[in-house]
Each structure stands twice: as C-alpha cells, then as structure tokens.
Amino acid sequence: MSTRLAKGGRLLNRGKPLDFTFNGKNLRGVEGDTLASALLANDQMLVGRSFKYHRPRGIVASGAEEPNALVGLGEEARFEPNQRVTTTELFDGLTCASQNHWPSLEFDVGAINSRLARFLPAGFYYKTFIHPRPFWKHVYEPIIRQSAGLGKAPRDRDRDRYEHFYAFFDVVVIGGGVAGLQAAKAAGAAGAKVLLMEQTPHWGGRAPVDGGLIEGAPPENFIDRTLAELEAMENVTLRTRMMGAGVYDHGYLLGYERVGDHQPDAHGPRHRLWRIRAGQIVTATGAIERPLSFAGNDVPGVMLASAIRDYAVNYGVSVGDRTVVVTNNDDAYRTAITLKQLGLEVPAIIDARPGGGGALAAEAVALGIRVENGRGVAWVKGRKRVEGVEICAQAGEGAALEEIKCDAVAMSGGWSPVVHLWSHCGGKLYWDEAAAMFRPDPDKAPTGADGEGFVRAAGAADGQFDLAAVLDNADAAGKAAAQATGHKPQDTAAPKAEAKAENPIEPVWMMPQGASIKLRMKAWLDFQNDVKVSDVQLAAREGFESVEHAKRYTTLGMATDQGKLSNINGLAILSDALGQPIPQTGTTTFRPPYTPISLASIAGEARDAAFQPIRKTPMHDWHAAHGAYWEPVGAWRRPYCFQRPGETIEDAVQREVKATRDSLGLLDASTLGKIIVKGPDAGRFLDMLYTNMMSTLKPGRCRYGLMCNENGFLMDDGVVARLDDDTFLCHTTTGGADTIHAHMEEWLQTEWWDWKVYTANVTEQYAQIGVVGPKSRKVLEKLSDDDLSAEGLSFMGWKDIELAGLKARAFRISFSGELSYEISVPAGQGRALWDKLLEAGAEFGVTPYGTEALHIMRAEKGFIMIGDETDGTVIPQDLGLHWAISKKKDDYLGKRAQARSHMTDPTRWKLVGLETLDGSTLPDGAYATAEGANANGQRNVQGRVTSTYHSPTLGRGIAMGLVLNGPDRMGDVLEFPRVDGHVIRAKIVEPIFYDKDGEKQNV
Amino acid sequence: MLILTCPCCGVTAEETEFHPGGEAHLTRYGPGSSDDEFHGYLFEKVNPKGVHFERWRHANGCGKWFHAARCTVTLEVFGTYSAQTTEPPQHIKDKISAKRPGWSWREFA
Amino acid sequence: MKRYSAFAVAREALRNHMGWERAWASPEPKKKYDVIIIGAGGHGLATAYYLGRNFGITNVAVLEKGWLGGGNTGRNTTIIRSNYLQDPSAAIYEKSRSLYETLSQDLNYNIMYSPRGVMMLAQTQHEVRGYERTAHANALQGVATEFISPSRVKELVPIINIDGPRYPVLGALWQARAGTARHDAVAWGYARACSAMGMDIIQKCEVTGITREAGRVTGVTTNRGDIACDKLGIVVAGHSGHLADMAGFRLPIESVALQALVSEPIKPCMDVVVMANTVHGYMSQSDKGEMVIGGGADGYNNYTQRGSFHHIEETVRALVETFPMIARLKMLRQWGGIVDMTGDRSPILSRTPLENCFINCGWGTGGFKAIPGSGWGFAELMAKGHSPLCDAFSLNRFREGRFIDESVAAGVAH
C-alpha cells in the first residue's frame, strides 16, 4: 500500500498536521505536502477517471505534467474544476473531490466504455452517429457531452481578487533549479536586472532528489548558498510559486504567480499575472520524464520513476511496498536505489537495454537488487491497483517469461527537455538521435524586435543531464544573456560538479518491441484522453500522416496536460508506423500557456464596476439622482430619459418631448465632441474635411457640416462655429469625438503636414447644456443681461455672454426645431449652471430630457442622425443633403469616392419620410418589400426604415427611411412586413413632420 | 506583442500605446484621378510577406504619426522614422538590405 | 469508398481495426488536370467536391503546401450562422448553413453539425435597433431569426449575467438553427469524398509559380513538378496576396492575426453559442467540454500565426464579466491564425484579371461557417463562369464602390 514512511520527507514539517477531505472522507497530511503526496500518504491510489473510457486513474507524476490526478477543489464561490493535485499545496481545511464519474469514483457506470473500448477506437465518432439526422442534436450529442467534459462547472461568482503587474527586466530566468540559480547568479553578477521565477514553492528543482556533488558537497549546499547570494543582490528579484506561462513577441513574457492558492484566506490577490518585458529570457525549465508504452501502463500504481523517487525523498511517502522499476536509461536506477535505501522492496529492475546500465546499475546490484537486462513489461496485472507485472523479452512479441508480484511500477522512458517556452514564439528544435530527445536549436532561437535571438535554454531544458554540464551550460547562458543586454559578465567559472557516469539511453517506443495488437490496444500514450498505441497506428493507416492530423484524429496531447507525457511517445509511434525518422514527423505546435492559467487572472482587476471606466459629464451625478435610465454611448452614459416614480420609460419620453415643445427642456449635451481647429490654414483644412465650404464662414457664425471618409461614406456631422479668423470650434457626435480628432490629426500629420493647423480635443473641458423650447430665451434672459433677442443673437450665431454670473458661450442652434440655445461653460462650472437653469426655469416647468426625446424631436424635424440614417454605407447624396455639399470645391475627403459608378447610380435608395396609414409606429429596421425574389430566392426589397418613433407632438407614428426613387414617389404606399409577417402600410412623404417652415426656431 | 520606438517623442513603448495605420507612403488620388488610380490608392495595399513599411500613431502618447519598417514574418523592426517624408530614409533601407538581401517593397528597394 | 457506419465500426472491431482503408489517397501529381485548386482547406476541398458532385468535373487536383485542413479550417471557433444583414451575405451563409444540416449524411462522415442556436447579445440601444433591422432583413431572406428578450436570453443561457453593471443585456438576435460543427471533420469529410470521386489531393505540394500564356492561366509550378490545368482556383486564406502576386494581380486584402483560446473541459454548462459584440467576446462549449472563445484581430499585417496578448485579455475580461462563473476556469491553450481582411470585410469569390483563374479569399474572421456555401458557389462560378451566390462578391466591387458591409450595426453616434 501507499503510505507515509516513519521518517524522511525533506519538504515536510511533520510537526504541523493539516486536515483535508477527499470525496467527503477526512484525511490528514502535513505542512509541506502537495495534495498529491497527502493523498498517496493516505493510500488514495484511485483519484479519478479517464476522459473517454472512464478507466480508473491514479497519480502518475509529481509535477505540472500530471495527466490524471485532477480534482474539483474547494466549494461554492471558491470551487475550481480540474485542479492538478501534484501542483496543489495542501492547506488546512482543503476540500476536494474526484471527477468524471457517476455515481461514485469506485463504481462508475461510464466505465462500461472501457469494456466497449474495442468498439470505440480513435475517431469512431466520425464514422458513426450519422443516421438518423436529428439524432445527433437530440440524442447522440447530449450523451457525448454528458460523458465528456471533466470537472463540474462552477456555479457561483468568484469572490477572489486578481491583479496584473507590469515589470521590466534585462534577464528573466524561468525555473529555479540548479541551472536557473546558476544562470541568474551569472547574469546578476554581471549587473543585469534579473528576475528568477520558480513554479513550485521550493528552490533547487530535482537536484536534491537526484543527488550528485557540487563543489564536493550535496546540491542543497549549493542551492542555499546561491540563493543567499542572489538575495543579497539588489538587482535580482526572486519569486517562487510563479510560472513562466508564455513567451510572446519582442520579449513579452507572462508570469503566473499563485499568490494565494495555498493560503486561501490570506489578504491579497489569489493570482497575479505578470506582464513582463524581458531583454533576454533564459529557460531553465528542466525536463519531463517519459512513460513507457506497455500494456496496462495506466493502472493506478504505475508511475514515473522520478515521481516515485520524489514522493519518497521530498514527502516521505512510499507509493508501494514492492516496486518494480522498468527503464531504458540509467536515471531510473536512482529510484530503485532510493527505495532500497529506505528499506522498501524492489523485486526487480527491468532494463530494456540488452547491455544494461552503468555505474548506477552496479550500485543497484551491489545493494542486492535483481536487474534484468533486455527485458520489458508485457502486461500489468490489476485494475484499480497494480498487483504484478509479467515480464518478457524486449525484442519479442510479449510472451510472458515470468510474473513478478508488486504493488507499484516505476517506469522511465527517458527525459524530454521542457521546450515549451522556447517554442512559443517560434524557437525551433532539433532531434538529438543519440539522446532520443528534441532539443532547442540555438541557431534558431525566437527573435525579437532587433532580429536577434532573445531566448536561451539552460540546463536540462537545453538537453543537458550531467550535473557538471548543466551548471556549465547554465552559467554560460546567464552570462550570454547579461552580455546581450549590455552588461559585462564576470570572468568566473561555473561550480565544479560530479555525478555518476551513465550509460546511454536506448529509445524504447513500444514495449515489447513487437507487441501484439492485443497489447498495443492496452498500451496508453495519453492517459487523460485515452489514446493508445493502437489508436495512433490506426490514424497512420487511415492516412492521418501529418503529426497534426494524427493529434486531432486521436486527440493525443489535447488534454489538459497538453501532451507533456504523451507527445514524444506518440509521434515516435507515428513515425514508426509511417516508416520515417522522427524529425521528419516533427512536433505539433507548442502554444501558451505552459500549464493552464485562470481566466480571472487574465481578466485582472477589471471586473464588476471596474470592468470598463465610465466617462461622466459634470451633471452625471444629478442625472443619477433624478431617475436617469442610462444608455451607454461610447464610453459615456447618457440619460435615455428621466423616469419619475410610477412612470414607464415610454411615458417619461413622451412627457419630456411635450414639455420641451410646450415650454422648456434642458439637455446635457456635454458629451458632444468639441474640437478646436486653429491656424492660418484652418479654413482650408476644414474645407477638405467637410463636404461644405467652411472657410467662408464668418466669425460669430455657425454652420452645420458633414464629414465623409475617403471612401465617400458619411461618418460624422455637427455644427462648426468660427471663433475668429484663425479659429474654428468643430462639434462632433458623442461617439465621434475621439475618432474625428484622430481623423483630423491623421490627415494633418500624414498628408498635409506643411499646412499650418493645430487641433485640440476639448470635449471634456466644457460642459454644454441645450436650453430648448419656446421659453428658452426667457429663462436665459432671467440670468443674463446680454442681448439674446432674435437680433442680438440670430439663428446660427454664437456669442460670449455672462450667464448666472458665469462666463459662457451661447450658440443659437437647434436640433429640435424649437427656439434653442446651447450654452457652453468650463466643465467645472457645468453643474452650477445646470442648477441655476433648473432654478430659473422652475416657473416654466423646466424639464430635463434624455437622448430618446432628443431623437424624437430631431426626427419630427427630419434631421438625420449619424448611426440611424447612416450606417457606414450611406453617402450624403442619399440623404438629400446636396445643399451641404459644396459645388465650388475641387476636392474634399470622399469627393472622388462619390464619383464611382455605384455611388452615382440613380437607383440608390434615398431619404424620405414615412407615414403609416393607420397611424401606428413602424418597427425599427423594417424593410419595404418589392415584387418577386432575387436569383438567390430572397424577397426583393425597395427600402427600409432608418428611424421610427411615436411622435407625442403629432400623436402618431413617424418614420424616416431610405427608399428606391423615394423623393420622386411622394404619396406612394409601401408595405413593411413585421417579423411576424403582419404587413404595415406606409405612405411616402416629405421627411419633415413638424413646423415645415421653421417658424418655431426662427423667433 | 510589439515594442516600437516613437521617433517624435523618443519613447520606446508597448504596442498598446500605439495605433496601427496600414501601409505607408501612399500617394493620395483625389478628384480627376482614374478609377484604377483611386482603387489602387484606397484598396490595393501591399500585403508583403517580409519587409513592410507601415504607419503607426503614438495614440496613447504624444499623438504623433510615424512610419515603421517591419518584417511581417519575423516581426523584426528595422526602424521607425518621421511620417513627414515620402520615402524611407537611406539608413533604414541600408539596414534592411544588410539583413534581407534582395528585398523589395514598391519602388523603395 | 467503404461506407462508415456503426455496423462497419463493429465489424472492423472484430478485426482489431486492421481493415480500415485510407480516408483519402496520397497520389503523385499528374501532368495535367481540368481544374487545379490551390489550397486544401475547407473552402478548397468543398469547391472540388461540388465541382464533382454538381458539375461532373472530377479530373481535379487540390494542391496543399502543408497538410489538408491545416490553415484556418483547423484553427477557428467553429461557429456556423447565417444571420447576416446584407442580401448577398445572407444568401451564401444561409446556403452554407443549410448544406451543413445534411453534410454528415451527404459525405457519410460525421462532421457533428450541432444546430444548438447562436445568439448575438444587444447591450446598447443602438445594437437593439441594429439587430431588429437584421431580424427584419432575415425574415425576407428566408433566414429564421428572431429578436428575443433578456428573460429568454437568461432562459437559454442560465450562466449569463444579464444585469451587468456596465452593459446590461437588452435582448439578443437569436438564430435557433445556427450552431457549431467539428472543424477538422469538415475538411476530412470533404477530402475523403473528393478522393472517392477520383480527385487527387496532393499534400506537401507548394505552388511556386503560376504559368500563363496570352492572359490565360496554363498551370502551376510546384516543388513536386509542373502541373498544367485549364482552370485554376486560388483558395488559400492567409496567403492569398502571395498567390495573387504570382498570378500577376493585386488584391484588396491585408493579412492579420486573429486569436482564439479554449478553457479546460468541464461538464455541460452552456448549450448555445453567445456572441457579445459590444464587449468583444464570444463563447461556446465544445462537445468535449472546453469553453471555446474567440479573440480579437491585430490591426497590423502579420504572418506569424501569433497575436498580441492584450486581445486575449480584452476578450477574457469581457467574458468573465458576461459569464461570472468562468472566472475560475483555466485557459488551456491559445493560438492564432492568419486571416485575410478585405476593404469591406466581406469575401471575394471572383474571376480575376487572369483568364480562367478564379479566386476565393477574404473571409476574414468568418470563413468556417461559409465552407459548404462557398464551395457550392465557387464551383458553380468556376464551372459556368458565374454564380448567383458569388456575383456580388466580385473583385470589381471595390472599384465601383459597391461594398457589402456587414459592420453597419457597429457605428455609435449621437
């Protein structure tokens, strides 16, 4: 059984027990445990079920590469599915549950799939579930979805906090093993600003477990000493529990710091996402051991040899009492020796190499361990727990030579450097035939902004496995990285190290070499996704020859571990099946992140109210306090209307319109864009920007202008006021302010850069209030001594006045058809003016109104609205705005475009008014039908509604629309079907419904 | 995730500080130009696999437009320079020639 | 071609699956074909398939420089919908969607079309009006959509937060028969069917030049030799400009990186596809259980199949806000593809200045959903010289100013 040893466990604090639960069972671990080591210490070998066949699954690994042991961690607002137990630190009160089974982990109905496995080979679903057609959606797919998936979906809103962090370093070293420590030291000593990050809570990596001597002492001494040196360097930052998640272009690097996962109730964020710019990156990310592909290699109790060693040395856990070691390399002997020295039984080491191992093998033999060379495992006995192995000749087909009783199997198929981060941004690999691994190709490193490589691999990540070579290589990488960022490395040598000489690995991709189909159907490559040797071979037979095809067809490497254990073995099997060398097959693409990172950490602080900033006018708070029903417009919020208690939104809008038309309304128009255009060439510039002639505008006057893009389409409109000979104030739409300002700057800087013009976007510098309605002059006159009469400030004029003691600018313009002024004051005085106007207007029943009343009043007057009458496909000519298009100008932006054949086509739809025959309101966006259908069978149409409202003034529906030959068809009746098919008939009329002669605004 | 240096204010900054603006060194065709000329100017952008000259604006910075010479395959930036010019400066062309012998981009190679 | 069925799987199981034949052949190129299609992605393979099925043209080669289906066909978010505003778009996408409905049966290959419904959230008044317009247009185009209320949204997607503090959900455009499919299977299914008709799918065959004579195309040069043809179709999303260069003409196209990501798989929690355009994010759940999330496109020319991380941030931020329960899910994998953006963001299916050379490109971010319809129309265009599905998507439209602009609902003003 799997148990805690009486002593040992270098990472444990045995004095501090921690209680936790697994599937409701109360268990106990100690401080320093991972959830994995704590489960193993409690003999919890079965921890989950596989994705497809629901096979029993146990822990395989001890780190980020774990494919099987995923649990639902925590509860309610802190529930997290698919958490790897090997990278979860134990804390007191932890609760977790296994996944993907029903009704229980021990007895899972879904395990029937395992019995049917023969009928469910790779890609079977492409060949089945085809008939009858409706069954896919209604029967097959729901069943597949239910049995697929892994963890449960969270239900509650996450209440933890997450944050982003920006950082800049010369050199970032990823991985805090001996290689990373040495590289960071070398770079730090050179004076570079260095960040060293380690994904686990511990420094030193595998070295303390694997042994060897550095400067004549155990690696721990080197680790402690180097760490102390690094801590003493001011230019070095150290972080544990932080993973290098992804490498992106130009040295952009994501660091994923798990600040609070191990102390859920501590103050601070749960995760911190570091967005780092690194001059150079050193990947000292180590290597991952590969499983061996023999039948039954997925039975709980079959584990990576290094993992069994880790659990023994780091956590004082023995996975089994009797552990058979099976290997094709020397490293696994370390596991056998470690176990033996702890007093555990190692019945045999099965070494697939005919010649066996080197010095470590000799040591094992000396300890009395039986070593069988040239042998392999034919079959693992047991279902939920290893009971024994049958061994066979590796060179044969799997005929059992002997059965060895055991309760754990330690397997090692060799090591693969962790090349993920090297590869994310385009670093290339080469296949090292002798060492049987893909290694970073230093000549094809990812390149940065300067075209030079910015990533270097160090230590095992670079394919170095000899301790001395690891340190040399890491030292060189750290120095080179420092040098590349302009620092001078110190002339020091890497520490001397020694380790036992090892015999070379012999690649074993299938065990035994000639395994029968029966064995291959039980030899797992991808444990989580249930991909076996036979599946990859089937894919190859069916023509899925590209490594990407094979991956996608079999789902090899697509599980949550992204194939960390399975990819190399899988592509070796594929290469073998295709009869081609491994490099010709190549790898699939490595994509970020290295291991999955929380979506919340990516979202960062931007949640709830902080999701997106809201732009506020000076009157915003008043609106909020007076029933504003908000409408988001760009980054602003504008009141759609002001709802009074008991009022519907529709009621409020109708009331606001009537009050304004009858007496006095107030509009917060501060969001309208305001751009100053100044300089000797300002007039000339605006002549190019607007379709109108602006240079002839007199100071003191205003003109409504249209702006098109170079493609001819109407993009914005607004009133331009000439402030003096050199200065114009251009009003834009609310959403347009920033884009129009950018548009102006673009043309000024990139086309007419010799023109003397300066622009400034002063939108937020001024509050602007529309004072609208027959009583508008009266209320202003109450507050001002300036002459605001029809003569003193005529229509489309502006003047500076003093109003309620404030210096203000009054524009006499109207978007409602009423007598109307827009008053502009510095933003800081906006609220004061608003309050004064409310106070002074009280006797006239002053009524603040929102955007919907604004829209209705402009529609009643037939004024177009950008975004309603225009949609990016409409040109001013469509809207009957010829009067605003200067005939005198040779050029303006959009003029050439408007000369293209389709733009001058007389059959373009044109703006008209629409009046329903029954007085009802046309639905938004309705189309007018025409006879017949087009070549694609679509109903022909001849127009559409662009704006439609119930007019409270007229007591009926009014609308504007674009209609084929519309202006020539006054009085024609069109049919507008609603979505439900009911047809509304509307007559084509002039698009002005109210005060056609403009008498109301001209008083 | 690019890093660019604004030649106007000298700041080297994250891509998020800039706004991309498409092909550089376009000749504007207005009224009087042929359909082909206008179409070429507005739509037929070069879309090279390799060396590219493009416009950027330091939108969340000094607000100035500038030009960048960049490789669209490796994202290497050969240099940035003023937008108020009709042709890339010689030193940038030389740098590109050194790194990408035989490159071509419109008439500037 | 051996038919696929549950029975066939059972039969083969008894032989340990040793009896399956290749899904598609791997022939050497012939000297000449009636039609060569460059690009064995979904669109290229579908074109070849409908050339054979609808027009009896089977002396066809599909040339692929990498592996078939390895471009954007295999790296998109698999959404299929046809709720487009403009008539030409609605026509081709609805044709496509309707072909998807029976594609598994037509190809005898389960492409897992799942008509689970797609909704596009309206989160501003402006969007409400825009989608109401689309619903009206769709009704006349024969595309079944409706504008639904926030409560119906919540009913269909219980995990959604309809009262978000920033952008509450005001309704949605709902297309019940839209959905998703298994992207790789679409390419594989077409490839298998093409191969069964005797067409040659030639992978690892890179076109290095296009040969012409007197303004007509005569063939291509490749790394596997020269191949002659009567007609040539270029269907190479992401590399269209490059191929057009070889053919001697320019395209109104720019290539940019578009990104996507998936979460780790979880048990079913969302049965429909949700798109939230105001906050820039969309999400569905794959049959495997992963939340499939589409990110934004970079604004600069890029051929790296990698994008900038801030687009991922923006998308994830929007979706965590819209679906608060995903916060503790984890991003499993992110990737990028190169998409061709045209001047109006609509595709090009067109003759070209080079006679008998046709181009199908510019699908931007929306190509996967169009594969069957695009293949159907483009095959007709290549066989007959014109196709009602393609006519509006000609190259000339930019010259004439006759755009097909689907972004019209996006403008914000007042």
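The structure presented is a predicted model; accordingly, all values stated were derived computationally and were not measured.

**Details of the interface of chain A and chain C**
Piece 1. Taken together, the 102 residues of chain A in the interface contact 91 residues of chain C.
Piece 2. Among the elements that take part in the side of chain A that touches chain C, helix α4 (residues 134–147) of chain A stands out by supplying six residues, more than any other.
Piece 3. Tallied by class, the residues present in the side of chain A that touches chain C amount to 46 nonpolar, 31 polar and 25 charged.
Piece 4. The pairing of strand β33 (residues 597–598) of chain A with strand β16 (residues 330–342) of chain C spans two bridges and is classified as antiparallel. Across the sheet, Ile597 of chain A pairs through a bridge with Met331 of chain C, a residue of β16 of chain C.

**Notes on the packing of helix α23 (residues 776–783) of chain A against helix α24 (residues 830–841) of chain A**
Helix-helix packing is characterised by the crossing angle of the two axes and by the distance between the axes.
Residue and element names in this part refer to chain A.
Piece 1. At a closest axis distance of 10 Å, the pairing of α23 and α24 adopts a crossing angle of 110°. When the axis of α23 is compared with that of α24, the two are roughly perpendicular. When the axes of α23 and α24 are compared, the crossing they make is right-handed. Between α23 and α24, the residues in contact are Val779, Lys782 and Leu783 and Lys836, Leu837, Ala840 and Gly841, respectively.
Piece 2. Per-class residue counts for the contact of α23 with α24 are four nonpolar, one polar and two charged.

**Topic: the domain arrangement of chain C**
By convention, interface size is frequently given as the accessible area that disappears when the constituent parts associate.
Residue and element names in this part refer to chain C.
Piece 1. Here the domain parsing of chain C yields domain 1 (28–82 + 84–109 + 183–252 + 344–410) and domain 2 (118–179 + 255–342).
Piece 2. For domain 1 versus domain 2, the separation of C-alpha centres amounts to 27 Å.
Piece 3. Those elements that place two or more of their residues in the side of domain 1 that touches domain 2 are β3 (79–80), α3 (87–101) and α8 (240–247).
Piece 4. Looking at the side of domain 1 that touches domain 2 element by element, the count peaks at four residues for α3.
Piece 5. In terms of residue class, the side of domain 1 that touches domain 2 is built from 11 nonpolar, 13 polar and seven charged.

**A short note on helix α21 (residues 682–689) of chain A**
Residues and elements named next belong to chain A.
Piece 1. Of all eight residues making up α21, six are buried, and the element is well covered by its neighbours.
Piece 2. What α21 keeps buried is the set Ala682, Phe685, Leu686, Asp687, Met688 and Leu689.
Piece 3. Against the buried residues of α21 lie β37 (673–678), β38 (702–708), β39 (714–724), β40 (727–732) and α22 (737–750).

**A look at the sheet that holds strand β52 (residues 983–989) of chain A**
Piece 1. Judged by pairing direction, the sheet is antiparallel, and its six strands sit side by side in the order β48-β49-β50-β47-β52-β51 (chain A) without closing on themselves. In the strand order of this sheet, the two ends are held by β48 (927–933) and β51 (973–977) of chain A, each with one partner. Each strand of the sheet is rotated relative to its neighbour by a mean of 35°, with strand direction disregarded.
Piece 2. Of the pairings in the sheet, the one linking strand β49 (residues 939–951) of chain A to strand β50 (residues 956–964) of chain A comprises eight bridges and is antiparallel in character. Pairing of Arg944 of chain A across the sheet is with Leu962 of chain A, part of β50 of chain A.
Piece 3. Along the sheet face, helix α25 (residues 851–860) of chain A touches β49 and β50 of chain A and points at about 115° away from the line of β49 of chain A.
Piece 4. Against the sheet, helix α5 (residues 125–141) of chain C contacts β48, β49 and β51 of chain A, and its axis sits at roughly 15° relative to β48 of chain A.

Calculation notes
- Residues numbered from 1 in each chain as written.
- Chains lettered and ligands numbered in written order.
- Predicted model: local features only at pLDDT ≥ 70, side-chain atom pairs only at ≥ 80, totals over all residues.
- Contact = placed C-beta atoms within 7 Å.
- Helix = DSSP H or I, 4+ residues; strand = E, 2+ residues; numbered from the N terminus.
- Nonpolar A, V, L, I, M, F, W, Y, C, P; charged D, E, K, R; others polar.
- Pairing = 2+ DSSP bridges.
- Axes fitted to C-alpha atoms, helices over the stretch in contact; angles between N-to-C directions.
- Parallel < 35°, antiparallel > 145°, perpendicular 65-115°, else oblique.
- Left-handed = near helix turned anticlockwise from the far one by under 90°.
- Domains from an automatic or database assignment.
- Buried ≥ 20, exposed ≤ 12 C-beta atoms within 10 Å, placed from the backbone.

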